[in-house]
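# Structural description and commentary
Given next are the chains, with one letter for each unit.
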Amino acid sequence: MALGDLMASRFSQSSAAVSNHLDECSSHDNGDFGAHRRDSETLSSSYGNVGTSATTSMAYLPQTVVLSELRHDAFESCMPSGPSDSGLVSRWRPKDRMKTGCVALVLCLNIGVDPPDVIKISPCARMECWIDPFSLSTKALETIGKTLTMQYERWQPRARYKIQLDPTVEEVKKLCNSCRKYAKSERVLFHYNGHGVPKPTANGEIWLFNKSYTQYIPLPISDLDSWLKTPSIYVFDCSAAGMIVNSFIELQECNASSSTTSSRDCILLAACEAHETLPQSSEFPADVFTSCLTTPIKMALRWFCMRSLLRDSLDYALIDKIPGDQTKRRTLLGELNWIFTAVTDTIAWNVLPHGLFQRLFRQDLLVASLFRNFLLAERIMRSANCSPVSYPLLPPTHQHHMWDAWDMAAEICLSQLPLLVRDPNAEYQPIPFFTEQLTAFEVWLDHGSEHKKPPEQLPIVLQVLLSQCHRFRALVLLGRFLDMGPWAVDLALSVGIFPYVLKLLQTTNPELRQILVFIWTKILALDKQSCQVDLVKDGGHTYFIRFLDSMEAYPEQRAMAAFVLAVIVDGHRRGQEACLEAGLVHVCLRHLQGSALNDAQTEPLFLQWLCLCLGKLWEDFMEAQIIAFQADAPSICMPLLSEPQPEVRASAVFALGTLLDVGFDSCRDGGVDEECDDDEKFKAEISVLKSLLYVVSDGSPLVRAEVAVALARFAFGHNKYLKSIAAAYWKPQSSSLSSFPSFAHVKATAANPSQYIGPLLRVGTDTPAVSRDIRVSTSSPLSASGIMHGSPLSDESSQHSYSGNLHDSHSTSNGVISNNHSRHRAPLDNALYSQCVLAMCTLAKDPSPRIANLGRRVLSIIGIEQVVAKPIKSSRPGEPNFVGLARSSSWFDMSGGHLPLTFRTPPVSPPRTTGFLTGMRRVCSLEFRPHVPSSPDSGLADPLLGAVGSSERSFLPQSTIYNWSCGRFSKPLLNVPDDIEEILARREEREKFALYHISECQHTFRKLSNQPSWDTKFDTATKTALLHPFSPLVIAADENERIRVWNYEEANLLNSFDNHDFPDKGISKLCLVNELDDSLLLAASCDGNIRIWKDYTRTGKEKLVTAFSSIQGHRPGVRSVNAVVDWQQQSGYLYASGEISSIMVWDLEKEQHVNSISSSSDCSISALSASQVHGGQFAAGFVDGSVRLFDIRTPEMLVRTMRPHAPKVERVVEINFQPGLDQGKIVSACQAGDIQFLDIRNEKGAYVSIDAHRGSLTALAVHRHAPVIASGSAKHLIKVLSLEGEPLGSIRYYPTFMAQKIGSVSCLTFHPYRVLLAAGFADGCVSIYADGNSQAR
């Protein structure tokens, strides 16, 4: 038998079952609610000194934590940013990719003739391009030129190469001009070898020849620059090459100072400083600089071999015989080249600024190769006392420790070389370089952080992605790194990871799919703008669609694939089209449908992102919307509106809302019936709209925000019909029409049957109709064509009034107001339009400021704008303060909300009165004059919408759920938060404190002092107070809903803030949510609105976590001012009631209304108390003096009804459970002054009865653990009693010299774990009284 069935049978017995329930329900739960209850876990036995059993710990220390998700992080105070707006997106992608299109090689060798300014040693360096010119009898120069060309072609095979050997100035000029002409806007490389001519001059001139080779002719660098133009790169291989660089820098500075010359993109590489001569040692080639730039592996190995232990045993000629190909990484030569690239990239990335690294090592393939090799040249030539120079200048890199890793790789290679040359079939041992570097990277991941030096191996990880044998490990480590935060993604992108992971999407290896999806999730969570086009262009979207549709992956991983696809289609029409063609709509709908059919709980994150992906796919994309309607998407998404996770519900609202057609152009513009008569579309819109109205009073602001946005889309598309409906309901007071109908009730008449407007939400059937006092301007709400006048197209406001009934057969056509001259069919019926208008009004009065603002924006679209009366307190920063707005008979308000609303027709003329603030528009003329319609199409003025056009849609409120959801993926997903240990330690400390003081309260309490240990005073009467369990804080609220937080030990005010700006009857209850953790302050207003605050003790830093209406949405049209609320940490439930016939049960973890329990009485509830040790159990006191005990774990819910205060019929002021684990003992106090001690197992009634205050009782408090209660009266008296009813003391006077009597007691509350009593009085005082022991201490 299932647990739920077992409990159902257990509680199906007669009255004897009450006793069984009390004995056993603490260990059993009803299946329906028990499945969702968060019962406490047994604590460890670490509290040995306390001597409290594990069962007691479970009951007293609930483990439930609610409202601590991402969505609760300052929802009201900040607007979420999406992937493209995160602000950390670096310029990782070069603005303009470039390539070197032409290479000019100029060799001035003049073989056989030494320049006059060079004295050569003997033996000296002779090799040019690894060729001894004197070893060739003929054409040595030509051979060297061809060899140099081939060496460069290895790095850039697609460039065009032109060579000049021992040229004249004219030949060089012609060469440069032809290269620039061919390259166009691409880069030109100019390589100059001046080994056969004098050194450059101090003026920056290089030497060439005359035609007869009898003279050296100078060529200024300025001329060369003017011929080659920009972009260009120069390589100068000659002595004193630094002279040229210095002159070029001067030329650049001169050009920069000239306003007519733009900056030039020029790069220079020079072999040595201005005062240096090239090395002449025979161990080097004569063109050592060129050899390093063009043949780095050969040069590096020869140089290393000369300095290693292998120099005597290795034949240098073997270096030229290294087997393999540089382009094939599985060969020895290819692996060496791969390692060299990784080493030089790593050195550059760790040494250079990221901007310079991007320019030199990522923008141009040939430039990147030359600069990698330039780092080698610096290392080798510095060993010969020569310092290569570059422009832009690079910091020294020749002593970087990564060169040691290269030397080790070179040594391993050279040690195998003789065997590999002798035996071509021998297998070489792979060099362990990459394995070791990945291990080093892994070590960094274990200990590194954002605040430490970045991992220097990141460029190596990028290189390793090219190798199949290391790829999986590298991707896993890369994923771990990216998960560390947006800064890590930014670093990886700046290294150049993007093209590598983009290319990997073409692989079919199933082993890589999950980690690739994770990596792309992290990349797109940071930056989407520059990735959408590439992903669609390369067909990457199909990779993620296949992964999304695969059943092997975990739902969380498929949710990431849905996120990637959502980013691809977000505002990107080409992406939408590509994904639509690939069948993404059907894939997502199939999985949503499967989740509904599957009994197992589907991962909420997966459902959330399926909805968001669908919403983004068909957002403003008609083709996708048509396919969605054909696939019955609305009916598939609607069940998700009741999911327990607010994010899923909000995402489902988003998906449904984006199906609503914003345009609706033909109908909006008064098109003919045939254009609008799309029955299937209308039916779909009706179903979508009804489903959205179902969640208009959802407990999560995240969901309600999406409902407001969706209704704004609907209001935009059905603008004039909604205006007509609203205008027809709001008539002058003289009209005999009934007021605007509530969702719960519509006055039944022949012309207006109640079934036209059914209940929008869950409401009781006994809700009576409540009329509204609504006034409207005498200007007409309707024109002859059924539309409001007074738009910017009209000159004046209308004076005519319309008094016909909306549903009068003479004035309606298909339910839409019209006349004999003009009839237009409404796409939907009036009942649904009416419900929409009321839903918009409900949102405009939402307790969440952000939702209320959205609701008012939606109302303004249909011509209704609020008139805000003077607030009791000043507005919060950033919100307008409408103090001083005039009210007149031309306004009407909607009573039942904080914000009066008005239906208005703004005139074009400027305001003539002074009662409006600067910037506020005049909303209604106070001087009425006849109005002549300027055109039959004149409509109600749109305060937010300008002229008709596509620009109007920019005024629509924007959805936030997508951006909020994206934020999840930018946070670490793999690691436990850093502060988790601190949180657990604080929790353990508080548990120890609580258990110790619980024991003290139960055994050492004596009596309460009648002298306060601390007091303060409000300006107005104190409504409710609360003592913080773990800090010396008292929190109190006055009748204006001003909340103050004091430190009563230091006697100073910590914070003071308004619960909201338009209070009415004050706060009825203050509770702490998650009191054993980071507590939140729950403030329940008398109208049933709940607001929960974090950081409430920090001055001016309080943040609204969530807000919702616990009652009002379930009895629309009635504003309850006597709401009673209590919070139960054990179960995570909030119970609320008031002037309604039911008790609302809210699950704060789900932020959802989970049950509505009938109160089983015709009277309203006046007191409510939830058990703090037995989850699901609560007691209610009624205005007729009756008391009822409920338990949501039982099938009947109602456990026992008692009338302890009979024969008196007085309101129960307060009710509470007695301390301890006994769930059957209750204390009830009624307004007549008697206090009843009840045991519900005793059918005879109260076992102790005390007539404490004789008709004036106003407050009662029962300590959670100590055997003490306190009661207060309007007659300036507080009594302290034991649980047996024995008096323990009384409090009558303030501790003043004149012994002034205390005020009328308005509230009492005990400290949860200490015997401290806080009392609030009608005169504004708040006092704290301690027990005798505490007072003495």
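Residues numbered from 1 in each chain as written. Predicted model: local features only at pLDDT ≥ 70, side-chain atom pairs only at ≥ 80, totals over all residues. Heavy atoms only, no water.

Two aromatic rings are characterised by how far apart their centres lie and by the angle between their planes. In this structure the tally under the stated criterion is 33 aromatic pairs. Their ring planes at 80° and their centres at 5.0 Å tell us that F433 and F434 sit as a pair that is edge-to-face. Relative to F544, the ring of W520 has its centre 6.5 Å away and its plane inclined at 80°; by these criteria the two rings are edge-to-face. Here the residue W520 occupies a position in helix α20 (residues 513-526), and F544 occupies one in helix α22 (residues 540-549), the gap between them amounting to 24 residues. Taken individually, W520 and F544 each receive the classification buried, so the pair is uniform in this respect. Through successive ring pairs, a cluster of aromatic residues spans F190, Y192, Y234, F236, F248 and Y391. (Phe/Tyr/Trp six-rings, centres within 6.5 Å; stacked < 30°, edge-to-face > 60°. Helix = DSSP H or I, 4+ residues; strand = E, 2+ residues; numbered from the N terminus. Buried < 20%, exposed > 50% of the residue type's maximum accessible area, 1.4 Å probe, protein only.)

Their axes nearest at 10 Å, the elements helix α12 (residues 354-361) and helix α18 (residues 486-495) cross at an angle of 30°. Between α12 and α18, the angle falls in the class roughly parallel. Between α12 and α18, the residues in contact are H354, F357 and Q358 and L491, L493, S494 and V495, respectively. Taken together, the residues of the contact of α12 with α18 break down into 4 nonpolar, 3 polar and no charged. (Axes fitted to C-alpha atoms, helices over the stretch in contact; angles between N-to-C directions. Parallel < 35°, antiparallel > 145°, perpendicular 65-115°, else oblique. Contact = heavy atoms within 4.5 Å. Nonpolar A, V, L, I, M, F, W, Y, C, P; charged D, E, K, R; others polar.)

As a further point, take helix α32 (residues 679-694). The terminal C-alpha atoms of α32, which comprises 16 residues, lie 23 Å apart, in line with the 22 Å expected from a rise of 1.5 Å per residue. Taken together, the buried positions of α32 are occupied by K681, F682, A684, E685, V688, L689, S691, L692 and L693. (Expected span 1.5 Å × (residues − 1).)

Now for the pairing of strand β32 (residues 1234-1239). Within β32, 6 of the 6 residues are buried, leaving the element largely enclosed by the surrounding structure. Side-chain alternation along β32 places D1234, Q1236 and L1238 on one buried face and I1235, F1237 and D1239 on a second face that is also buried. Judged from the 5 bridges that link them, strand β31 (residues 1225-1230) and β32 form a sheet pairing that is antiparallel. Bridged to A1229 within β32 is I1235. The antiparallel hairpin formed by β31 and β32 contains 3 residues in its connecting segment, where G1233 sits at a positive phi of about 110°. (Pairing = 2+ DSSP bridges.)

Let's shift gears to the confidence of the model for the protein chain. Averaged over all residues, the pLDDT of the protein chain is 78; the fraction at 70 or higher stands at 76%. Below a pLDDT of 50 lies the segment residues 84-88, which in the model reaches 8 contacts outside its immediate sequence neighbourhood of four places, other chains included. Confidence drops under a pLDDT of 50 for residues 867-950, and excluding neighbours within four residues, the segment shows 210 contacts in the predicted structure. (pLDDT = per-residue confidence, 0-100.)

Let us now look at helix α17 (residues 468-482). Count 3.6 residues to each turn of an α-helix, and residues three or four apart come out pointing the same way. Compared with the 21 Å implied by 1.5 Å per residue over 15 residues, the 21 Å span of α17 between its first and last C-alpha is a close match. Here α17 has its buried residues at H470, R471, A474, L475, L477, L478, G479, F481 and L482. The elements touched by buried residues of α17 are α11 (332-351), α15 (433-447), α16 (458-464), α18, α19 (498-504) and α20.

Spatially, β34-β35-β36-β37 is the arrangement adopted by the 4 strands of the open sheet, whose pairing is antiparallel. Two strands bound the open sheet, and with one partner strand each, they are β34 (1257-1262) and β37 (1287-1291). Across the sheet, the mean angle separating the axes of adjacent strands is 15° when strand polarity is ignored. Sheet topology places strand β35 (residues 1268-1273) next to strand β36 (residues 1277-1282); 6 bridges connect them, and they run antiparallel. Counterpart to S1273 in the pairing with β36 is L1277.

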